[in-house]
Amino acid sequence: MRPETLAALRDSEARFRAMSDASPLGIFVSDAQGWCVYTNAAYHKISGLSFDETLGTNWSRAIHPDDRQRVLAEWQAKPRAAQDRSRRRSASCSPTGASSGRASTRPDE
C-alpha cells in the first residue's frame, strides 16, 4: 500500500475508535469468519468482559448460558443473523440482535 493510503487508513481507524469508545452503546466487530476483532468500552461495561476476553469466540461468555450453544452455532453458520440474550454484570438479561454486522441492545423488559 502507498504511504498516503496507509496514513488515511490509520486516521480512519483512529476516528472510528474514538467515536465507538465515546458511544454508550456496546459495539462488537467481527471478521468474515465470525471471530470478534474489536469491542468498545461500553461493550466491556455491559458484558463485564475485558477487551482481551472478547476476542475470537471468547465473547460468547457474555451470552446467557441457556442460549450460548445455539447462538454460537447460528453465529458460525451465518454470523450476522444470530440473536441472543446477553448477560449483564448484574446477572440480568438483555436481548440483542445482530443485523448487517451491527448489534444493538435494548433495555431489559
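Let me begin by describing the structure that accompanies this report.

**Considering the nonpolar core**
Where a protein is soluble and globular, its nonpolar side chains tend to be buried together.
Move 1: Core analysis: the largest hydrophobic core is formed by 10 residues, namely Phe-28, Cys-36, Tyr-43, Leu-49, Trp-59, Ala-62, Ile-63, Val-71, Leu-72 and Trp-75.
Move 2: Considering every element that reaches this core, the biggest residue donor is helix α4 (residues 68-77), with 3 residues.

**Regarding the side chain of Asn-40**
Move 1: Among the structural elements, Asn-40 can be located in the loop between β2 (36-39) and α2 (41-47).
Move 2: Take Asn-40: its relative accessible area is 0%, and that puts it in the buried class.
Move 3: In this structure Asn-40 touches Ser-20, Asp-21, Ser-23, Leu-25, Gly-26 and Ile-27, once residues within four positions along its chain are discounted.

**Quick notes on the packing of aromatic side chains**
Move 1: Under the counting rule described, the total for this entry stands at 6 aromatic pairs.
Move 2: Considering the side-chain rings of Trp-59 and Trp-75, the 5.4 Å spacing of their centres and the 65° angle between planes classify their relative orientation as edge-to-face. Placement of Trp-59 in the loop between α3 (51-54) and α4 and of Trp-75 in helix α4 is noted, with a sequence separation of 16 residues between them. Like Trp-75, Trp-59 is buried.
Move 3: Feature note: the residues Phe-28, Tyr-43, Trp-59 and Trp-75 constitute an aromatic cluster, connected by ring pairs.

**Overview of the pattern of salt bridges**
Move 1: Under the counting rule described, the total for this entry stands at 5 salt bridges.
Move 2: A salt bridge links Arg-61 to Glu-53; the nearest nitrogen and oxygen atoms lie 3.3 Å apart.
Move 3: The network of salt bridges with shared partners includes Asp-67, Arg-70 and Glu-74.

**Observations regarding α4**
Owing to its 3.6 residues per turn, the α-helix brings residues three or four apart onto one side.
Move 1: Considered for burial, the residues of α4 that qualify are Val-71, Leu-72 and Trp-75. The buried residues of α4 occupy one face: seen down the axis, they fall within an arc of 100°. Facing away from the buried side of α4, by more than 90 degrees, are the exposed residues Gln-69 and Ala-77.

**Section: the environment of Met-1**
Move 1: Along the chain, Met-1 falls in the segment before α1 (3-22).
Move 2: On the accessibility criterion, Met-1 (72% relative accessible area) is exposed.
Move 3: Setting aside chain neighbours within four positions, we find Met-1 in contact with Leu-6 and Leu-9.

Reading guide: rules and limits
- Residues numbered from 1 in each chain as written.
- Predicted model: local features only at pLDDT ≥ 70, side-chain atom pairs only at ≥ 80, totals over all residues.
- Heavy atoms only, no water.
- Core = buried A, V, L, I, M, F, W, Y, C linked by side-chain atoms within 4.5 Å.
- Buried < 20%, exposed > 50% of the residue type's maximum accessible area, 1.4 Å probe, protein only.
- Helix = DSSP H or I, 4+ residues; strand = E, 2+ residues; numbered from the N terminus.
- Contact = heavy atoms within 4.5 Å.
- Phe/Tyr/Trp six-rings, centres within 6.5 Å; stacked < 30°, edge-to-face > 60°.
- Salt bridge = Lys/Arg side-chain N within 4 Å of Asp/Glu carboxyl O.
- Arc of directions from axis to C-beta.

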